[in-house]
Amino acid sequence: MNTFTLGLIVIAYLLSLAYLGFLGYKKTTNTSDYLVGGRQMNPIVMALSYGATFISASAIVGFGGVAAAFGMGIQWLCFLNMFVGVVIAFIFFGLRTRRMGAKLNVSTFPQLLGRHFRSRNIQVFIAAVIFIGMPLYAAVVMKGGAVFIEQIFQIDFNISLLIFTLVIAAYVIAGGMKGVMYTDALQAVIMFGCMLFLLFSLYQVLGMGFTEANKELTNIAPLVPEKFKALGHQGWTAMPVTGSPQWYSLVTSLILGVGIGCLAQPQLVVRFMTVESSKQLNRGVFIGCFFLIITVGAIYHAGALSNLFFLKTEGAVATEVIQDIDKIIPYFINKAMPDWFAALFMLCILSASMSTLSSQFHTMGASVGSDIYGTYKPRSRGKLTNVIRLGVLFSILVSYIICYMLPHDIIARGTSIFMGICAAAFLPAYFCALYWKKATKQGVMASLWVGTLGSAFALIFLHQKEAAAMGICKFLFGKDVLIETYPFPVIDPILFALPLSILAIVVVSLLTGRNK
């Protein structure tokens, strides 16, 4: 595809985003519009926005690279994304969240829990965790998009990162939730179309049928690199050896961390409060499931099968050709697919990045502007929308800076870190707000503290990857992790922090409930 045609495609895409962002801006007349779309969003738009927010560039570039390195085991995450992230999230969490949000007249996740438990401290604490922790997640999503553009079009990383960050900033700051969800819906359609084409064209590229390709992928198990065999890798169609380092990484970090952590993602929870009725929310379940199983399932499948392509064209498996896992999918698309599809796939990656980033920036801005500033400055509510916009701008700048500090192979891991923290810190309190009337605000605060500090402690002192990278444990105690006995260094922090957080909310709530 020549540069002129590519330029026209990109310009048409950006103009479409600009129009939808402007449409959101024109329809935003108050704080409720800016935060929850006035609770009048179309259910189809809501479902597409939910799916597009869920599936970021980290899922496509990062987790696709993980599939290329370690195989089809990551498809369990696809199942959890669909079953937990949509079916359970919509039916068992979303319906009650929408009703509670309307009853309490709240517009954000921190407000939902804060007002339900009648505690300003709970609201501010959750908002602070979001505002401090989410920039890491946003930064890895930004890196995912920028890495793909760099690989496909040989554009300087700094320029590509700056351009699409500015585009996101424009429509999020101006259009609020309506601008975010309108653009999300368009981006979801682009993502779905690209993944559907990839799924059907993949086998044509390989020159094999479904059964033949998957059988051949099984047969090349002896070609697993020695460094991965040592971690428990048994081939691209088999799970790692149970109890091996790779098994713990795949199961506890990626599958459980992301699969469960999605239930307590503030930027996803707020989507439930944007529709007018429970009936409309139910309509989104099928759309969300269908969208996720195609988009996520296709890229995980393509990632694993890319080894056959690399073996055929380069004489080695994916990780032997591309050392950086985060760059495998961009390289594969660039080499295996037609030029015109590479251009469209760039829009897919941009769409995935922008849809997730716009929601993250909106959530961070709402946390600092509405949940923190608005709590302590109630007389300033007439200026609240502008304060939230400033919060969005600050969040974008912080995430942009962090993006330059990230190491290689961080995209998938960074996503699971934040989602794991959200699960440990927020999920017990969120579940109890919806289903357990005996939960007290003291129990919730205890759970929030235990979940947050437990996650941080495990990341700094127990989990090998993060602890060794940060070096704090090494500086204080002379070793990378406090407990060196296997398997403690490879167990994800969520398995330490989440049970403790659940225990804290139950025990403290029962104790404080008796003292009333």
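Residues numbered from 1 in each chain as written. Predicted model: local features only at pLDDT ≥ 70, side-chain atom pairs only at ≥ 80, totals over all residues. Heavy atoms only, no water.

Moving on to the overall build of the protein chain. A tally of regular secondary structure across the protein chain gives 22 helices and zero strands. For 516 residues, the compact-globule estimate of 2.2 N^0.38 gives 24 Å, and the protein chain sits close to it at 22 Å. Dimensions along the principal axes, computed over C-alpha positions, put the protein chain at roughly 70 × 55 × 45 Å. Burial statistics for the protein chain: of 516 residues in total, 61% are counted as buried. Computed over 35 positive and 19 negative side-chain charges, the inter-centroid distance for the protein chain is 22 Å. (Helix = DSSP H or I, 4+ residues; strand = E, 2+ residues; numbered from the N terminus. Rg over C-alpha atoms; globule rule 2.2 N^0.38 Å. Buried < 20%, exposed > 50% of the residue type's maximum accessible area, 1.4 Å probe, protein only. Lys, Arg positive; Asp, Glu negative; His and termini not counted. Charge placed at Lys NZ, Arg CZ, Asp CG, Glu CD.)

Taken as a whole and judged by the stated rule, the model has two salt bridges. One salt bridge connects Asp-184 with Arg-271, and the closest N-O pair in it is separated by 3.1 Å. Residue Asp-184 is found in helix α8 (residues 157-206), and its partner Arg-271 is found in the loop between α12 (266-269) and α13 (278-314); the two are separated by 87 residues along the sequence. Per residue, the accessibility class of Asp-184 equals that of Arg-271, and both read buried. Between Glu-226 and Lys-229 there is a salt bridge; the shortest N-O distance is 3.6 Å. Taken together, the residues span about one helical turn, with Glu-226 and Lys-229 both in helix α10 (residues 226-229) at a distance of three residues. (Salt bridge = Lys/Arg side-chain N within 4 Å of Asp/Glu carboxyl O.)

Bringing unusual backbone geometry into the picture now. Looking along the chain, the bond that leaves Tyr-486 and enters Pro-487 is cis, with omega of 10 degrees. Tracing the sequence through the fold places Pro-487 in the loop between α21 (472-477) and α22 (494-514). Residue Asn-105 is not a glycine yet carries a positive backbone phi of 55 degrees. For Asn-105, the position within the fold is in the loop between α5 (75-104) and α6 (109-116). In this structure, Arg-118 is a non-glycine residue whose phi angle is positive, near 55 degrees.

Here we take up a positive patch on the surface. Together, Arg-96, Arg-99, Lys-103 and Lys-437 make up a region of like positive charge exposed at the surface. By the secondary structure assignment, Arg-99 is in helix α5. What makes Arg-99 partly exposed here is its relative accessible area of 43%. (Patch = residues over 30% accessible without salt bridge, like charges linked within 9 Å, V, L, I, M, F, W, Y side chains within 5 Å. Areas by Shrake-Rupley, 256 points an atom, 1.4 Å probe, with all protein chains shown as cover.)

On to helix α11 (residues 245-261). One full turn of an α-helix is made of 3.6 residues, so residues set three or four places apart face in the same direction. Of all bends in α11, the biggest is about 25 degrees, found at Ile-255. Buried residues dominate α11, accounting for 13 of its 17 residues. (Bend = angle between axes of the 7 residues up to and from the residue.)

Turning next to the packing of aromatic side chains. Under the criterion given, the structure shown has 29 aromatic pairs. Clustering of aromatic rings is evident, with ring pairs tying together Phe-93, Phe-109, Phe-426, Tyr-430, Phe-431 and Tyr-435. (Phe/Tyr/Trp six-rings, centres within 6.5 Å; stacked < 30°, edge-to-face > 60°.)

We now examine the domain arrangement of the protein chain. Each assigned domain of the protein chain is listed here: domain 1 (1-58 + 80-212 + 256-299 + 340-408) and domain 2 (435-515). With 12 residues of domain 1 at the interface, the matching set in domain 2 holds 11 residues. The largest contributions to the domain 1 side of the interface with domain 2 come from Phe-117, Ile-122 and Phe-125, which together make up 49% of the buried area. One can count zero salt bridges joining domain 1 with domain 2. At the boundary of domain 1 with domain 2, the tally comes to one residue pair in polar contact (both at pLDDT 80 or more). Where the side of domain 1 that touches domain 2 is concerned, the elements lending two or more residues are α5, α7 (120-153) and α11. It is α7 that contributes the most residues to the side of domain 1 that touches domain 2, five residues altogether. (Domains from an automatic or database assignment. Contact = heavy atoms within 4.5 Å. Buried area = accessible area lost by both parts, 1.4 Å probe. Polar contact = N/O pair within 3.5 Å; in protein donor to acceptor, adjacent residues only side chain to side chain.)

Note that Val-167 resides in helix α8. As a C-alpha pair, Val-167 and Met-191 span 24 residues in sequence and 18 Å in three-dimensional space.

Buried together is how nonpolar side chains tend to be arranged in soluble globular proteins. Grouped together as the largest cluster of nonpolar side chains are 152 residues, with contacts concentrated most on Phe-345 and Phe-426. Both of domain 1 (1-58 + 80-212 + 256-299 + 340-408) and domain 2 (435-515) provide at least three residues apiece to this core. (Core = buried A, V, L, I, M, F, W, Y, C linked by side-chain atoms within 4.5 Å.)

Between α5 and α6, the least distance of the axes is 10 Å, while the angle of their chain directions is 70 degrees. As judged from the angle between their axes, α5 and α6 are roughly perpendicular. Contacts between α5 and α6 involve Thr-97, Met-100, Gly-101 and Leu-104 on the former and, on the latter, Leu-112, Arg-115 and His-116. Counted by class, the contact of α5 with α6 contains three nonpolar, three polar and one charged residues. (Axes fitted to C-alpha atoms, helices over the stretch in contact; angles between N-to-C directions. Parallel < 35°, antiparallel > 145°, perpendicular 65-115°, else oblique. Nonpolar A, V, L, I, M, F, W, Y, C, P; charged D, E, K, R; others polar.)

The grouping of Val-450, Leu-500, Ile-502, Leu-503, Val-506, Val-507, Leu-510 and Leu-511 at the surface amounts to a nonpolar patch, some 620 Å² of accessible area in total. Per element, the largest residue contribution to the nonpolar patch is seven residues, and it comes from α22. Note on placement: Val-507 falls in helix α22. The class for Val-507 is partly exposed, based on a relative accessible area of 38%.

By the secondary structure assignment, Cys-348 is in helix α16 (residues 339-376). The buried category is assigned to Cys-348, whose relative accessible area is 0%. Spatially, the C-alpha atoms of Cys-348 and Val-124 are 36 Å apart, while their sequence positions differ by 224 residues. Residues contacting Cys-348, with those up to four places away along its chain left out, are Ile-60, Ile-190, Met-191, Cys-194 and Met-195.

In protein chemistry, a disulfide is the covalent bond that joins the sulfur atoms of two cysteines. Counting across every chain of the model gives zero disulfides. Free of any disulfide, Cys-348 has its nearest cysteine sulfur in Cys-194, 4.6 Å distant. Cys-262 supplies the cysteine sulfur nearest to Cys-422, a cysteine that is in no disulfide, at a spacing of 11 Å. On the basis of relative accessibility, which here comes to 1%, the residue Cys-422 falls in the buried class. (Disulfide = S-S within 2.5 Å.)

Moving on to the confidence of the model for the protein chain. Of all residues in the protein chain, 90% have pLDDT values of 70 or greater, and the mean over the chain is 84. Mean pLDDT in the protein chain bottoms out at helix α2 (residues 31-36), which sits at 69, and peaks at helix α19 (residues 441-461), which reaches 95. (pLDDT = per-residue confidence, 0-100.)

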